[in-house]
Each structure stands twice: as C-alpha cells, then as structure tokens.
Amino acid sequence: MNDITTAAFWMATCVSLMGRRWALAGACCGLALLVRPNLLLLAAVAVVFGVAAEPIPNPRSLVPRMARFGLAATPFALVVLWLNSALYGSPFRTGYGQLDHLFALSTVTITAARSLRWLGETHTMFPLLALAAPYFVSRDKRADLLLASGLIAATCLVYLVYKPFDDWSYLRFLLPAIALMIALASAVSVRAIERLGLAGAGRYLLMAVATSTLAIVCLRAADERHAFALQFLEQRYRSAGMVVRDQLPPGAVVLSVWDSGAVRFHGRKEALTWEALAPAWLDRGLRWLEEQGRTPYIMV
C-alpha cells in the first residue's frame, strides 16, 4: 500500500530539511505528492520552514535555497497535474471524486475519536509522548521540532476532515504523522530517563525494558490483526486478475468493486464498478455493453 511509501518520502523530506539539503528535500517532497497528492498541506509546511530557516530572512540565501527546493519539486507536481488531466479531464480533478464529497468539518469528532482509539490499540499511547517534546528537546533543536510538529499537525488536519472509515487499518493514512510522533516520543523518553539521575547501567537497563515492552505489545497487536499474513490475504487480488487474464475473451468487461484495480492491472481488461451505477442502469449498462460487442462479466 502506498501509505508506507508516502510516509517514507515525508520522513525523507523532514530529514533533508533538517539537514538544510534543499534540493533533496524538494525532490522527496515532490515524490511524496506524486504518490499522495492530497497531502499538499505538508508541502506548505516544508515551504514555510524553508522561508523561516533563518531568524532574519536574507534574500541572498533565501532565494537560492527556495529555488533549489522548488526546481526539484516542480516536475513531480506537473506530472500530477498532467495525470489528472489525462485520466480525469482536469488538472484539479482526481480519481477519488469531488473534494466536497471527500472533506467535511462534520467528520472531525468521529475521525478523531476513532483514530485515537485505534492508535492506542495498535501502538499504545506511547506516540502521544510527542506532545511533551517542547519541554524536553534542547533549544538548538527547536526549529527542527517545529518542522516535525508542523508535518504531524498537517497530516492529522487533512485526515480529520476526510470522510470517516470504520476499520482500524485506515490508521495507515496517518503514518507520516505516526512515524514522526514515535521519533519525538523516543527523544522525550530518553531525556526523561536521563533526568532521573540514574547511573549509566541503570539508565540503559530502564531504556531496554521500556523498548522491549513496547516491542512485545506492538508485535502482539500486529499479529492479532493479521499484519504478518497480509501478503497472503492480499494475494487474492493478483489471483483474481490472473483468472481474468487467462480465462476471459479479449473484449470482456468485468463488473466489480474491490477487484477493479486487479482486473485492469493484472487482467488487462476493462473494469466497471457497479456501485457507481444508479440501480436502473445495471441492466441498461449490460445491454449497452452487449450492443457494443463487449461481453460483460460480474466478479464477486
């Protein structure tokens, strides 16, 4: 799933910005948007960090670094616009549908409650220690802390107003935020243990116990939720696509929902999602396909 790829690119963007590697940060940001364009708000956070990287902006350094960032990111943004135009008829239209159908302020409380519960069930509340980072991170790292906090907040904001889902696996949308939260929570934990004043051995032992406990709890949660069997479970899509490829005639059109991507990618056949049809148009659509010389099949 591309959520992992998205999180990796935003982590790379964050680290590159912290290292003031502006061209690399721009390329990683562009790649992240190419994979998941709806996280454009995170790119805005990256731009703000680039502008405010110096306490007193100096045009002689500001313009070159933002130029490097922008030139590296722009080609990927143009590819996104071109793809949208080619596939959906407009640079600003996506395959997910109209924006007013995807985002609504009324979903905030529902999504927040579900995400917080799922986070606790799968990660424990450890990532929330990131909220204490301002009290533990050293002053010379405050700019980096603000960057990470901004990326976390932007990710959460985008998906708080996104249409709600009722399955824990959609916590994957928040992976860019969760990864950064775990990094900040880890820094908080280390600093908190250091402030206890324990001797070297005692400090390392406490860190090892805390880390091992978290690992065991999270691995158990992953196993209970079949995370390690995911490759086997998801194999059915590829299998379905291969059946379509090998068994159906060249002019076939397959009506499906979940398997529509597999029908096109693995099966190399046209797919029609029946849930997008008005009820009266199911029979009409089948007749129209037959009139066009296309044989319809339904995959369930």
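Scroll up to find the structure.
Computed from a predicted model, the values in this text were never measured in an experiment.

A. Seen up close, the nonpolar core. Judged by nonpolar contacts, the single largest core of 41 residues is most densely connected at Trp-10, Leu-17, Phe-69, Leu-147, Leu-151, Tyr-159 and Leu-184. Listing elements by their share of this core, those giving two or more residues are α1 (2-18), α2 (22-35), α3 (40-51), α4 (59-88), α6 (108-123), α7 (142-160) and α8 (175-195). In terms of residue count, the dominant contributor to this core is α7 (eight residues). Apart from residues no more than four positions distant in its own chain, Leu-17 is found in contact with Trp-22, Ala-25, Ala-46, Phe-49, Phe-69 and Leu-147. The next biggest cluster of nonpolar side chains, apart from the first, holds seven residues, and it includes Ala-240, Val-244, Leu-248 and Ala-252.

B. Focus on the packing of α8 against helix α9 (residues 200-224). For the pair α8 and α9, the least separation of the axes is 10 Å and the interaxial angle reads 145°. Handedness of the crossing formed by α8 with α9: right-handed. On the side of α8, the interface is formed by Val-190, Ile-193 and Glu-194, while α9 contributes Arg-203, Leu-206 and Met-207. In terms of residue class, the contact of α8 with α9 is made up of four nonpolar, no polar and two charged.

C. Focus on the packing of α3 against α4. Where α3 contacts α4, the axes come no closer than 10 Å and their chain directions differ by 155°. One finds that α3 runs roughly antiparallel with respect to α4. Note that α3 runs across α4; the crossing there is right-handed. Counted together, Ala-46, Val-47, Gly-50 and Val-51 of α3 and Leu-62, Arg-65, Met-66 and Phe-69 of α4 form the full contact between these two elements. Counted by class, the contact of α3 with α4 contains six nonpolar, one polar and one charged residues.

Rules and cut-offs
Residues numbered from 1 in each chain as written. Predicted model: local features only at pLDDT ≥ 70, side-chain atom pairs only at ≥ 80, totals over all residues. Heavy atoms only, no water. Core = buried A, V, L, I, M, F, W, Y, C linked by side-chain atoms within 4.5 Å. Buried < 20%, exposed > 50% of the residue type's maximum accessible area, 1.4 Å probe, protein only. Helix = DSSP H or I, 4+ residues; strand = E, 2+ residues; numbered from the N terminus. Contact = heavy atoms within 4.5 Å. Axes fitted to C-alpha atoms, helices over the stretch in contact; angles between N-to-C directions. Left-handed = near helix turned anticlockwise from the far one by under 90°. Nonpolar A, V, L, I, M, F, W, Y, C, P; charged D, E, K, R; others polar. Parallel < 35°, antiparallel > 145°, perpendicular 65-115°, else oblique.

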